[in-house]
Structure formats: C-alpha cells, structure tokens
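Notes for the structure review
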Amino acid sequence: MNLFMQQAYREAKTGMTAGEGGPFGAVVVREGKVIASAHNIVLLTQDSTAHAEIVAIRKAERLLGTHDLSGCELYTTSYPCPMCLGAIMWARISKVYYGCTPEQVSKIGFDDKVFYEAIEDPNASGLISLEHSDSGECLKLLADWIKKEDRKLY
Ligand SMILES: Nc1nc2[nH]cnc2c(=O)[nH]1
C-alpha cells in the first residue's frame, strides 16, 4: 500500500476502534510531506460534518494558515461523499487518491451513494425540499458584495 494511504488506513482503524466515528481516514500531503492526517470523528464530536476528509482539510488549513490548499494532494480510505468533495474543491485540492468506492461504502450502510444520487435532483429525491424564498432581499447581499472594494474572492 502507498505510504500515505497506509497512514490514512491507520487513522481510520484508530478512530473506529476508539468508537470516535466510521471507518474513514484521510491525509493531506504537500510536496511529498504529510501536512495533516485525521479520521472521522462524527460520534466523538456529535458533528455530522466531522468526516475524515473535512477534519484533515481543517487541520491542514489551520497549520498552513490559509484556506487555499492548491498544490496539496488528499489520500482518503474511501471515495469522498458529496459534502467532502465540495470541501476538497473549495480547498482547491486537485488530486485525490481514494481506497474504497461509494458502492463498497454503501454495502456497509453509509449513505454516500444515496446522497450522490439525490444531488442530481434533490427535490425529486424525497430526502429534502429546497424552496426559493425571499430572493429579492437576499440578492441585495450579492449587490453589496460586488460594490465592496476590499472584497476577497476565495
Ligand atoms: N469518504 C467518507 N465517507 C464517509 N461516509 C460517512 N463518513 C465518511 C467519511 O468520513 N469519509
């Protein structure tokens, strides 16, 4: 096994053995060096967003003092769920190595694949209702932002 994937694997094993979360680990690497590694801590922290990839990204960003992880790679023991894939893209990580597939993860009861299917048409999924509301007022925020001279896009 690749050394970075080995570290992600050990993270996953440690986390699940301790009862901190599901069997998932992730490592952020830059120029061949580990910047941060983490495992899923959803159960430990009672935080549904504390997936291995998100925790690793947060640690790496805190350590490097930036929200921009371009040039970094991510090793994760399973294919990222839709939330993590979004976080990975927001962090500008452009290379991901994954171990298990969403199909394999779904076989042990996690909903990663279900959510991927729902995202294609959330309102038709039966899982969630998304309703457009107060658009005029909210649009003012965007107008204010575009007028803000010191705005920083990320
Ligand atoms: N890739 C991945 N899938 C998950 N599904 C539930 N939790 C996780 C996680 O931490 N990582």
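All residue numbers here refer to positions counted from 1 along the written sequence of the relevant chain. Under the rules for a predicted model, residues below a pLDDT of 70 receive no local features and side-chain atom pairs below 80 are neither given nor counted, while totals for whole chains, interfaces and linings still include all residues. Note that water and hydrogens are dropped before the side-chain values are worked out from all heavy atoms of the structure.

**Some thoughts on the site of the ligand**
By convention in this text, a residue qualifies as near a molecule or strand provided that one of its non-hydrogen atoms is within 4 Å of it. Taken together, the neighbourhood of the ligand is formed by Phe-24, Asn-40, His-51, Ala-52, Glu-53, Ser-78, Tyr-79, Pro-80, Phe-110 and Asp-112. Any pair of nitrogen or oxygen atoms within 3.5 Å is treated as a polar contact; in protein, a donor-acceptor pairing is required on top of that, and neighbouring residues in sequence qualify only through side-chain atoms on both sides. Ser-78 places a main-chain nitrogen or oxygen 3.4 Å from a nitrogen atom of the ligand. Using the Shrake-Rupley algorithm and a 1.4 Å probe, accessible areas are obtained, with residue cover drawn only from the displayed protein chains. When the ligand sits alone it has 280 Å² of accessible area, and the protein chains cover 96% of it. Among the detected pockets, the ligand sits in the largest pocket. Following the grouping adopted for this structure description, the nonpolar residues are Ala, Val, Leu, Ile, Met, Phe, Trp, Tyr, Cys and Pro, the charged ones are Asp, Glu, Lys and Arg, and the polar ones are all others, Gly among them. Its residues assigned to classes, the shell around the ligand shows five nonpolar, three polar and two charged. Grid points spaced at 1 Å over the protein atoms alone were grouped into cavities, where a 1.4 Å probe fits but cannot get out, and pockets, open sets with protein on both sides within 12 Å along at least five of seven lines, with lining residues defined by an atom within 4 Å of a point. If over half the atoms of a molecule are within 2 Å of the grid points of a cavity or pocket, the molecule is regarded as sitting in it.

**Points about the pairing of strand S3 (residues 72-78)**
Accessibility here uses a 1.4 Å probe with only protein chains present; expressed as a share of the type maximum, an area under 20% marks a residue as buried, one over 50% as exposed, and anything in between as partly exposed. What counts as a helix is a DSSP run of H or I of at least four residues, what counts as a strand is a run of E of at least two, and both are numbered from the N terminus. The buried count for S3 comes to six of seven residues, which makes it a mostly enclosed element. A pair of strands is considered paired only if DSSP assigns at least 2 bridges between the two. Note that strand S1 (residues 25-30) and S3 share five bridges and pair antiparallel. The residue of S3 that forms the bridge with Val-29 is Glu-73. Bridge analysis of S3 against strand S4 (residues 95-100) gives five bridges, and the strand direction is parallel. Across the sheet, Tyr-75 pairs through a bridge with Tyr-97, a residue of S4. For the segment spanning S3, helix H4 (residues 82-90) and S4, crossover handedness is right-handed. When the strands point away from the viewer and the connection leading from the first strand across the helix to the second strand turns clockwise, the crossover is called right-handed.

**A few points about the sheet that holds S1**
Pairing is mixed in the open sheet, where four strands are placed in the order S2-S1-S3-S4. Bordering the open sheet on either side are strand S2 (33-39) and S4, each of which pairs with just one other strand. Between one strand and the next, the sheet's axes are offset by a mean angle of 15 degrees, whatever the strand orientation. Pairing analysis gives six bridges linking S1 to S2, with the strands arranged antiparallel. Looking at the pairing, Val-27 lines up with Ser-37 of S2. In this description, contact between two residues means that some pair of their heavy atoms is separated by no more than 4.5 Å. Simply put, an axis is a line fit to the C-alpha atoms, just over the touching stretch for a helix, and the angle between two N-to-C directions goes from 0 to 180 degrees. Where helix H3 (residues 52-64) meets the sheet, it contacts S1, S2 and S3, and its direction lies at approximately 140 degrees from that of S2.

**Here's the deal with the UniProt feature "domain: CMP/dCMP-type deaminase" (unreviewed entry) in the chain**
UniProt positions are given in the numbering used here, feature names are shortened, and annotations may be inferred rather than shown by experiment. As annotated in UniProt, the feature "domain: CMP/dCMP-type deaminase" (unreviewed entry) corresponds to residues 1-130 in the numbering used here. Secondary structure over residues 1-130 splits into 45% helix and 20% strand, and the C-alpha atoms at its two ends are 42 Å apart.

**What to know about the nonpolar core**
Buried Ala, Val, Leu, Ile, Met, Phe, Trp, Tyr and Cys residues that are joined via side-chain atoms within 4.5 Å together make up what is termed a nonpolar core. With 20 residues, the main nonpolar core has Val-28, Ile-57, Ala-60, Leu-69, Leu-74 and Ile-93 as its most contacted residues. Secondary structure elements with two or more residues in this core: S1, S2, H3 and S3. In terms of residue count, the dominant contributor to this core is H3 (five residues). Phe-4, Met-5, Val-27 and Val-29 belong to the second-largest nonpolar core, a separate cluster that totals six residues.

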